[in-house]
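Spelled out, the chains give:
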Amino acid sequence: HDLGGVARRKVLIDSVRGTNRNVMLIDAGDAVQGSLYYTLFGGEVERKLMNALGYDIQILGNHEFDKGLDQLAKEWKQLNAVRLSSNYDFSGTPLDSLFVPAMIRKVGDKAIGFIGINLDPAGIVSEENYKGIKYIDGVKAANEKAAILKENGADMVIAVTHVGYENEPGYSDLDIAKASKDIDIIIGGHSHTVMTAGPNGEPIQSTGTAFANIGVITID
């Protein structure tokens, strides 16, 4: 059906890396959704493949919690990517100290800031599977963390989100875009939307689901 395939994905990713000097590969969560490999191996297969593809940043989706915190911690401790979460407090849980709330990557003479914003797990994730994690309002966290990054010298801030494009319970990528003056680009997941920009020109990209697409954002 002209879809999928990790080897095929690697060829596409490497072709972008081969023609551009500064490339970052980013995942917006739910890398394990809907796969029999996850049912059988609890994230080991996806973790090894994501490492082989060379992801730079990964954030949690709600399905990463499906096997519980201990299994999630076991696999994510072995990720090569930066684990990013700006609005979950993992203190006292198996995920404690595995994540950073924000990061700045130097690209040439520019500094690019990144934040990771996740959905409210209540009602979406089984309570036992996120026990002890404290959720912080995503719009508030996005604004605060983005402002701090700009104050610390970031020329641009990119929010990697797993909240959904629109009409999601609580808040959406559109709400984050409308509420923030410091976020320049949003790379979104969760709602499986395929798009390159919001209807009013909001700089939002979401590439659908099941790795059917790879999104490329070129920043001048």
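For the structure itself, look to the data block above.
The structure contained in this document is the topic of the report that follows.

## Digging into the environment of G18
Next, step 1: Summarising the element assignment, G18 is placed in helix α1 (residues 6-19).
Next, step 2: Take G18: its relative accessible area is 64%, and that puts it in the exposed class.
Next, step 3: In this structure the C-alpha to C-alpha distance between G18 and P94, which are 76 residues apart in sequence, comes to 38 Å.

## Digging into the side chain of N87
Next, step 1: Secondary-structure assignment places N87 in the loop between β3 (82-83) and β4 (88-89).
Next, step 2: Note on N87: relative accessible area 0%, which makes it buried.
Next, step 3: Polar side-chain contacts of N87 include one of 2.8 Å to the backbone nitrogen of N118.
Next, step 4: In this view, N87 contacts G116, I117, N118, K134, Y135, I136, D137, G138, A141 and Y171; residues no more than four positions away in its chain are not counted.

## Observations concerning the packing of aromatic side chains
Next, step 1: Evaluated as defined, the whole model comprises five aromatic pairs.
Next, step 2: Consider the rings of F65 and Y88, whose centres lie 6.3 Å apart with planes at 70 degrees: the pair is edge-to-face. With F65 in the loop between β2 (57-58) and α4 (69-76) and Y88 in strand β4, this pair connects stretches of sequence that are 23 residues apart. Residues F65 and Y88 agree in their burial class; the two are buried.
Next, step 3: Ring geometry for W76 versus F99: centroids 5.8 Å apart, planes at 25 degrees, classification stacked. Highlighted residues: W76 in helix α4 and F99 in the loop between β4 and β5 (102-107), separated in sequence by 23 residues.

## What to know about empty space enclosed by the protein
Next, step 1: Within the structure shown, the criterion is met by one cavity of 30 Å³ or more.
Next, step 2: Here the largest cavity is characterised by a volume of approximately 110 Å³.
Next, step 3: V32, G43, E64, E75 and W76 are, among the 15 residues lining the largest cavity, the residues nearest its centre.
Next, step 4: At the level of elements, α3 (44-53) and α4 are the ones that each hand at least two residues to the lining of the largest cavity.
Next, step 5: In terms of residue count, α4 provides more of the lining of the largest cavity than any other element does, four residues in total.
Next, step 6: Tallied by class, the residues present in the lining of the largest cavity amount to seven nonpolar, four polar and four charged.

Cut-offs applied
Think of each chain on its own: its residues are numbered from 1, step by step along the sequence as written. Confidence filtering applies because this is a predicted model: local features only for residues at pLDDT of at least 70, side-chain atom pairs given and counted only at 80 or more, and all residues used for totals across whole chains, interfaces and linings. Calculation of side-chain values draws on the structure's entire complement of heavy atoms; hydrogens and water are dropped beforehand. Secondary structure follows DSSP: runs of H or I at least 4 residues long count as helices, runs of E at least 2 residues long count as strands, and numbering of each begins at the N terminus. The cut-offs for exposure are 20% and 50% of the maximum accessible area for each residue type, with area from a 1.4 Å probe on protein chains only; residues under the lower value are buried, those over the upper are exposed, and the others partly exposed. Side-chain atoms alone can form a polar contact between residues adjacent in sequence; in general such a contact is a pair of N or O atoms within 3.5 Å, and within protein one must be able to donate a hydrogen while the other accepts it. It only takes one pair of heavy atoms within 4.5 Å for two residues to be counted as in contact. Put simply, two rings from Phe, Tyr or Trp (the six-membered ring, in Trp's case) pair if the centres are within 6.5 Å, and we call them stacked under 30 degrees between planes, edge-to-face over 60, tilted for the rest. Both cavities and pockets are sets of points on a 1 Å grid over the protein atoms alone; in a cavity a 1.4 Å probe fits but cannot get out, in a pocket the set is open with protein on both sides within 12 Å along at least five of seven lines, and lining residues sit with an atom within 4 Å of a point. Grid points are joined across faces, edges and corners, and a volume is the space filled by probe spheres set on the points. Classes in brief: Ala, Val, Leu, Ile, Met, Phe, Trp, Tyr, Cys and Pro nonpolar; Asp, Glu, Lys and Arg charged; the others, Gly included, polar.

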